Amino acid sequence: MTSIVIEPRPRLSSDPAVNTPPIYLDNQSTTQVDPRVLEAMLPYFTEHYGNPHSTSHAYGRIAADAIENARGEVAALIHADPREIVFTSGATEANNLAIKGAAHFARAHPHHGQVRDHIVALQTEHKCVLESCKELEGEGFAVTYLPVEPNGLVSLDVLEAALSERTLLVSVMAAHNEIGVIQPLAEIGALCRPRGVLFHTDAAQAFGKIQLDVQAMKIDLMSISGHKIYGPKGVGALYIRRRPRVRLLPLIDGGGQERGLRSGTLPTPLCVGLGRAAAIAGPEMVEESERLRRLRDGLLRNLARRVPGLRVNGEVEQRLPGSLNLSFPEIPALTLIEAVPSIAISTGSACTSASAEPSYVLRALGLPDALANASIRIGLGRFTTAAEVDFAADALAAAVSRLTEQRDIPT
Amino acid sequence: MRRMMAQAESYLDWNATAPLRPEAAAAMTETLGRWGNPSSVHRRGRAARQTIERAREAIAALLGDTDPGGVVFVSGGTEANHLALLGACRERVLVSAVEHDSVRAVVPTAEIIPVGPDGLVTLDLLDRLLSADRRPALVSVMYANNETGIIQPVAKIAAIARRHDALFHCDAVQAAGKLSLEAGAIGADLITMSAHKIGGPSGIGALVMTRQIDLAPLLRGGGQEYRRRAGTENLPGIAGFGAAAAAAAREISVYDRVAELRDRLEMEIAAIAPEAVVLGAAAPRLPNTSAIAVPGIAAETQVVALDLDGVMVSAGAACSSGKVGPSHVLAAMQVDPEIAASTIRVSLGWSSSEAEIAHFLRAWSFLYRRRRSVAERARAA
């Protein structure tokens, strides 16, 4: 049986077959720009390159109009008013602005002498939310990092118990980047609003993929990303409620663009791209979700049949349609990823994928380190085909059985 | 005679934004076609990472021989200025009176370094400000001004800052790509760059560290950009920025021709309107920028009339062109408020042509003569 020893890299590089692009199943990390989005963006790189803030001339006004149109497209997808959308450089900036901006405003302007200096976030939030909270702790704010249930969802009772008269803001990710679970947003909003607590949701993964309604869900602040929804990188947005009004202090000040909340020349083509991506996602969402759900369920069934002990991390029923997080017991995730070079998959968040630490998200679900280290994330997307999913299932199952055999050979 | 026909357009607002260079467009298109998150370990991720490192090298090269490892990509000049002033965590921050709003607004308690009527930072005042208070300081002075094009004596400022152990940050957004910028010559510890002013895309810029400096990040989250700036890298933006920087470095000599065009424009204006004033004419200036005032004709009137004729200029900084109120730059130079209110900014770029300058001069002299005759009739009446 020594013939099945795998020599990962040297042999692969000389094999022309594997130099074709790998099948891309890492759509939570980033997505391909939709050709329709790119087409909408291109004229704003070349013909209409005016500075959108130079409204004294035609070049500037054409760019400004395009940006306002894009703002409307983003707003429409979440039932917001265009004036409630502030463009940022991405979801990381939007999260930083929402959390630090709200905290800094509350400290500078206490409402009727009432001190609100307490923030609640889930332990499983994205790093940029956790790091923003940590920074605020250093400034004297109190932060509660709430545990989640083993299925990744927040317990509403636990959340309610954490709220106090000093609570300023609750931050809960709408759909999770690693495990895909969708939190009960409307229920969380209903807990926050009557208590005067701001509800922020990081919707980088959810925007454009599931129905979001800032009115019905009583969301006050929502972070949005372009490159997770087949739009460009380098652009995102923050929804900031006007009624009742949410006030923030800006992180980036200067020329006073974006109503003073975010200075800096707006990148017209990127804003147009985000708008177009939102406009495409709206009408196509239902059908696309259904297609992805079928593909994903098929992939899961196929793998479960062939991989003994396969485990799905995070609530199966309440998750993004294209998303899976799977544990392959006793097979280290990085070994598995290396064994299937024809598929681009990851262990979890791209921002931390270079670190060897087990995922803090999977730990928060109660997974032991050995299992957390044996977990991979699969993200199907708009351009994923059924044939690609079948190929991926075969490749993964074959690699698992090879690695299992290897492991079982006494050395 | 003005004719109603397909109108020629002359873009003379390059300090607001420049058109995308074809090299940048090509690099971006290529990158958009092979997407990937640069932090991902898989192949697509690694290819993306390589694109970023190549862009870092091109930008470091445009600044002379700086270390590519010191280039931190951010969302633009405004963010770079914030990262420099806030991230350096110095107790004192001193900024010149003519800085861009994105520097002036960052630290509300910043001390102001005055400029003389020539628009140049008063060096002995800077020296005295730094001597008077020994707390760790950061000095921020722009390389060249966006409204007037006036170039600061940055090497001297750097020497003063160094003598006082102060960090020196230089906003080089307007100078980059128009002047040959050697980091050694500026002597700044931190340099701000913006892509869309040099023919790269908007939405991307860089803070360049010429030596190792501990910077506290402004945006926290993932560990991108050596933990100095979280957020998924704007890959096509970075690729476009890198390509634009390489092209700008290659074609820097074009600005000799631009300077000739600009100088001719100013001479013609002086011939048409002897009372016209070129602000900052006594100081070293960027080769492409003219701040021209004609007392009695409001800047907005000129900008709007020129726009109707297809000529695009501005009344000052683009970001504040929606606002009314006098320019803080001209006020700091003690320019007479009436002159300040009548100042327009004409800024050229690498593809500006003689025809565009002629177009501007035609439209401008038409508006000037009309306003003058109105004023004379009013006086006679």
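Cut-off values and rules
- Residues numbered from 1 in each chain as written.
- Chains lettered and ligands numbered in written order.
- Predicted model: local features only at pLDDT ≥ 70, side-chain atom pairs only at ≥ 80, totals over all residues.
- Pairing = 2+ DSSP bridges.
- Helix = DSSP H or I, 4+ residues; strand = E, 2+ residues; numbered from the N terminus.
- Axes fitted to C-alpha atoms, helices over the stretch in contact; angles between N-to-C directions.
- Domains from an automatic or database assignment.
- Contact = placed C-beta atoms within 7 Å.
- Nonpolar A, V, L, I, M, F, W, Y, C, P; charged D, E, K, R; others polar.
- Buried ≥ 20, exposed ≤ 12 C-beta atoms within 10 Å, placed from the backbone.

K.L.:
Can you tell me about the sheet that holds strand E3 (residues 118–122) of chain A, naming the residues and giving the values?
P.N.:
Residue and element names in this part refer to chain A. Ordered by their spatial adjacency, seven strands build an open sheet running E2-E8-E7-E6-E5-E3-E4, and the pairing between neighbours is mixed. Where the open sheet ends on each side, the last strands, each with one partner, are strand E2 (85–88) and strand E4 (142–146). Neighbour-to-neighbour, the strand axes of this sheet turn through a mean angle of 20°, independent of strand direction. Where strand E5 (residues 167–171) lies against strand E6 (residues 198–202), three bridges are found, and the strand directions are parallel.

K.L.:
Describe the domain arrangement of chain B, naming the residues involved and giving the relevant values.
P.N.:
Residue and element names in this part refer to chain B. For chain B, the assigned domains are domain 1 (10–18 + 253–376) and domain 2 (22–250). One C-alpha centre belongs to domain 1, the other to domain 2; they are set 28 Å apart. Taken residue by residue, the interface counts 25 residues in domain 1 and 25 residues in domain 2. Taken together, the residues that form the side of domain 1 that touches domain 2 break down as 14 nonpolar, nine polar and two charged.

K.L.:
So what's going on with the interface of chain A and chain B? Residues and values would help.
P.N.:
Contact residues are listed per partner, giving 57 residues for chain A and 58 residues for chain B. Those elements giving two or more residues to the side of chain A that touches chain B turn out to be helix H2 (35–45), helix H3 (58–77), helix H4 (91–108), helix H5 (127–138) and helix H8 (268–306) of chain A. It is H5 of chain A that provides the largest number of residues to the side of chain A that touches chain B, a total of five residues. Tallied by class, the residues present in the side of chain A that touches chain B amount to 20 nonpolar, 30 polar and seven charged.

K.L.:
Please set out the pairing of strand E10 (residues 289–293) of chain B residue by residue, giving values where relevant.
P.N.:
Residues and elements named next belong to chain B. Counting buried residues in E10 gives five out of five residues, a clear majority hidden from the surface. On E10, burial covers both faces: Thr289, Ala291 and Ala293 on one face and Ser290 and Ile292 on the other are all buried. When strand E9 (residues 277–278) meets E10, the two strands line up antiparallel, connected through two bridges. Bridge assignment links Val277 to a residue of E10, and that residue is Ala293.

K.L.:
Hey, could you go over the domain arrangement of chain A for me, with residue numbers and the actual values?
P.N.:
Residue and element names in this part refer to chain A. According to the domain assignment, chain A consists of domain 1 (8–33 + 285–408) and domain 2 (35–280). Domain 1 puts 26 residues into the contact, and the matching count from domain 2 is 29 residues. Mapped onto the side of domain 1 that touches domain 2, the elements with two or more residues apiece are strand E10 (323–327) and helix H10 (360–364). In terms of residue count, the dominant contributor to the side of domain 1 that touches domain 2 is E10 (three residues). In terms of residue class, the side of domain 1 that touches domain 2 is built from eight nonpolar, 14 polar and four charged.

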